[in-house]
Amino acid sequence: MTRMEWYNALAKPSWTPDGSTIGLIWAVLYPVIVVSFGYVFVQAVRGKVPRSVAVPFAINLVANLSFTPIQFGLRNLPLAAADILVVLGTIVWSMAAVWPHYRWAAAAQVPYLVWVGIATVLQLSITAANW
């Protein structure tokens, strides 16, 4: 069974967006993430902000990139649910950490936060329905 056949066979809420919508949302969000995260990382390396400001961004990046292999590679719904909670938490943490230094970088995370909030509810719903 392919990963999409597996995913399509899962019980999901009626409000689950179709794959093309999810893809479009990420296509819009990833450039914003790349620019804002990249800027924070560069400023941390240059010593313009404490390196600790970049920590939640780094954790978020690892957790975000780990979600698809966990969800679709391992097909581990509980672990994917835990991972997306880390993604959500580190977005909030990163916004708080960068706010005193670069408010635009914190504000740029708002659409990401909104989408991951929705995706977290979706993931937790799918995990519960397929326990």
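Parameters at a glance
- Residues numbered from 1 in each chain as written.
- Predicted model: local features only at pLDDT ≥ 70, side-chain atom pairs only at ≥ 80, totals over all residues.
- Heavy atoms only, no water.
- Helix = DSSP H or I, 4+ residues; strand = E, 2+ residues; numbered from the N terminus.
- Contact = heavy atoms within 4.5 Å.
- Core = buried A, V, L, I, M, F, W, Y, C linked by side-chain atoms within 4.5 Å.
- Buried < 20%, exposed > 50% of the residue type's maximum accessible area, 1.4 Å probe, protein only.
- Expected span 1.5 Å × (residues − 1).
- Bend = angle between axes of the 7 residues up to and from the residue.

J.: Pulling in residues and values, what's your account of the environment of K48?
T.: In this fold, K48 is placed in the loop between α2 (19-45) and α3 (51-74). For K48 and I33, which are 15 residues apart along the polypeptide, the C-alpha to C-alpha distance reads 20 Å. Those residues within four positions of K48 in sequence are excluded, and the remaining contacts are Q43 and Y102.

J.: Go over the nonpolar core with me, naming the residues and quoting the values.
T.: Counting residues in each nonpolar core, the largest one holds 27 residues, and the members touching the most others are W26, V40, V98, Y112 and V116. Looking at this core, the elements with two or more residues in it are α2, α3, α4 (77-98), α5 (103-107) and α6 (110-129). Those residues in contact with Y112, other than ones at most four positions away along the chain, are W26, L29, I33, F37, N60, N64, V87 and I91. Ranked by size, the runner-up nonpolar core spans 7 residues in total, among them Y7, L10, L122 and I126.

J.: Requested: an account of α2, with residues and values cited.
T.: It helps to recall that an α-helix has 3.6 residues per turn; residues three or four apart then point in one direction. For α2, which comprises 27 residues, the first-to-last C-alpha distance of 37 Å matches the rise-based estimate of 39 Å (1.5 Å per residue) to within 8%. At L29, α2 shows its largest bend, some 25°, and a proline, P31, comes one to four positions later. All buried positions along α2 are accounted for by W26, L29, I33, S36, F37, V40, Q43 and A44. Looking at the buried positions of α2, the neighbouring elements they touch are α3, α4, α5 and α6. Of the residues flanking the end of α2, it is G47, one or two places downstream, whose phi is positive at about 80°.

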